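Given next are the chains, with one letter for each unit.
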Amino acid sequence: MNKMLLSVCLCCAALFAISSVVWAAESDLTVLTGDSTKNYSEMNYSLFSAVAAFGILDLGEAVKFTAPVPGWKLQKVRILAFSEFNETNETYMPDRNIMIEIRDKDLKLLYKFADTQNMYFLSTEPIFAEIEIPDTKVTGDFYVVYYDRAAAPIGKVDVDESGNSFLFQNGNLQPAQFGLEDTNETIAFNWMIEAIGSK
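Note that the coordinates shown come from a computational prediction; the quantities given were computed from them, not determined experimentally.

1. Some thoughts on the overall build of the protein
Here comes step 1: Within the protein, the secondary structure is distributed over two helices and 16 strands.
Here comes step 2: Put simply, the protein has 199 residues, and 40% of those count as buried.
Here comes step 3: Counting every atom, the protein has about 11400 Å² of accessible surface; 53% of that belongs to carbon and sulfur.

Following this line, the structure appears as structure tokens:
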């Protein structure tokens, strides 16, 4: 009986130690938001697909971030997007590929990743999904580029100026803003992308 009790205590202690390590690791992470310091729950957002808007498959939604310290390790990317759900027949969109790129301040490719959208955004409504990547050291400015490929449109917030949000294609960046011919107005977007990492 004493041996069994000791074994249970040791198991509990081991689980507590493991959970403490995980909590400590998570608490060391820094979240970079790119454009806005507001809580996303306070924002009115809508969804955007570069393919739906322009018919271009290799047009990415990019956000520029600045590493808090030199050699900062980017470990996760968090994106708000949606793999469409048909409420009538309660079915999800079939698997399609999305893609993520990490690029340095000179737009040199540091990391590239592709997977099916339903691995991350399978939900009846838009959700924030965390996508883990191998530790990627960045210094100064860097870019996270998301290619929705009409598989999972990305969340966007309408703003006066696009700030650190861009459209990216073939090595070229342009601000995430569009002119309206009828009114001469300019509409700008901030993409709902976050970068997560540690020192």
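2. Observations concerning the sheet that holds strand 13 (residues 172-175)
Here comes step 1: Taken in spatial order, the six strands of this open sheet run 8-7-10-3-12-13, and their pairing is antiparallel. In the strand order of this sheet, the two ends are held by strand 8 (109-116) and strand 13, each with one partner. This sheet shows a mean twist of 25° between the axes of neighbouring strands, independent of strand direction.
Here comes step 2: Pairing of strand 7 (residues 97-104) with strand 10 (residues 141-147), which is carried by six bridges, proceeds in the antiparallel orientation. The partner of Met-99 across the bridge, within strand 10, is Tyr-147.

3. Structural notes on the side chain of Asp-148
Here comes step 1: Structurally, Asp-148 is set in the loop between strand 10 and strand 11 (154-159).
Here comes step 2: Of the side chains with opposite charge, Arg-96 comes closest to the buried, unpaired Asp-148, at an N-O distance of 8.0 Å.
Here comes step 3: A polar contact of 2.8 Å, which involves the side chain of Asp-148, links it to the backbone nitrogen of Ala-150.
Here comes step 4: Those residues in contact with Asp-148 that lie beyond four places of it in its chain are Phe-48, Ser-49, Ala-50, Val-51, Glu-61, Asn-97, Ile-98 and Pro-153.

4. Comments concerning the packing of aromatic side chains
Here comes step 1: Scanning the model with the defined rule gives 10 aromatic pairs in all.
Here comes step 2: With a centroid separation of 5.0 Å and an interplanar angle of 40°, the aromatic rings of Phe-48 and Trp-191 are classed as tilted. Placement of Phe-48 in strand 2 (residues 45-48) and of Trp-191 in strand 15 (residues 186-191) is noted, with a sequence separation of 143 residues between them. Accessibility classification places Phe-48 together with Trp-191 in one group, the buried group.

5. Brief notes about the side chain of Asn-118
Here comes step 1: Examined against the element boundaries, Asn-118 turns out to sit in the loop between strand 8 and strand 9 (127-138).
Here comes step 2: Asn-118 gets classed as buried once you look at its relative accessible area, which sits at 14%.
Here comes step 3: In this structure the side chain of Asn-118 is engaged in a polar contact, spanning 2.8 Å, whose partner is the side chain of Asp-95.
Here comes step 4: Once you skip the residues sitting within four places of it in the chain, Asn-118 turns out to touch Ser-83, Met-93, Pro-94 and Asp-95.

6. Looking at the confidence of the model for the protein
Here comes step 1: For the protein, per-residue confidence averages 82 on the pLDDT scale, and residues scoring 70 or more make up 79% of the total.
Here comes step 2: Considering only residues more than four positions removed or in separate chains, one finds that residues 1-25, a stretch of pLDDT under 50, has zero contacts.

7. Here's the deal with the pattern of salt bridges
Side-chain pairing between opposite charges can occur once the charged atoms of the two side chains come close.
Here comes step 1: In total, this model carries six salt bridges according to the counting rule given.
Here comes step 2: A salt bridge links Arg-78 to Glu-194, with the shortest nitrogen-to-oxygen separation between them at 2.7 Å. Of the two residues, Arg-78 is situated in strand 4 (residues 72-81) and Glu-194 in strand 16 (residues 193-198); the sequence distance between them amounts to 116 residues.
Here comes step 3: Between Lys-105 and Asp-106 there is a salt bridge whose closest N-O contact spans 3.3 Å.
Here comes step 4: According to the relative accessible area criterion, Asp-106 is exposed, its value standing at 57%.
Here comes step 5: Among the charged side chains, a network of salt bridges with common partners joins Lys-76, Arg-78, Glu-130 and Glu-194.

8. Here we look at unusual backbone geometry
Here comes step 1: Its identity is not glycine, yet Arg-149 carries a phi of approximately 50°, on the positive side.
Here comes step 2: Locating Arg-149 in the fold gives a position in the loop between strand 10 and strand 11.
Here comes step 3: Residue classification places Arg-149 among the partly exposed positions, given a relative accessible area of 25%.
Here comes step 4: With phi around 50°, Asn-170 is a residue other than glycine that occupies positive phi space.

Conventions adopted
Residues numbered from 1 in each chain as written. Predicted model: local features only at pLDDT ≥ 70, side-chain atom pairs only at ≥ 80, totals over all residues. Heavy atoms only, no water. Helix = DSSP H or I, 4+ residues; strand = E, 2+ residues; numbered from the N terminus. Buried < 20%, exposed > 50% of the residue type's maximum accessible area, 1.4 Å probe, protein only. Areas by Shrake-Rupley, 256 points an atom, 1.4 Å probe, with all protein chains shown as cover. Pairing = 2+ DSSP bridges. Axes fitted to C-alpha atoms, helices over the stretch in contact; angles between N-to-C directions. Lys, Arg positive; Asp, Glu negative; His and termini not counted. Salt bridge = Lys/Arg side-chain N within 4 Å of Asp/Glu carboxyl O. Polar contact = N/O pair within 3.5 Å; in protein donor to acceptor, adjacent residues only side chain to side chain. Contact = heavy atoms within 4.5 Å. Phe/Tyr/Trp six-rings, centres within 6.5 Å; stacked < 30°, edge-to-face > 60°. pLDDT = per-residue confidence, 0-100.

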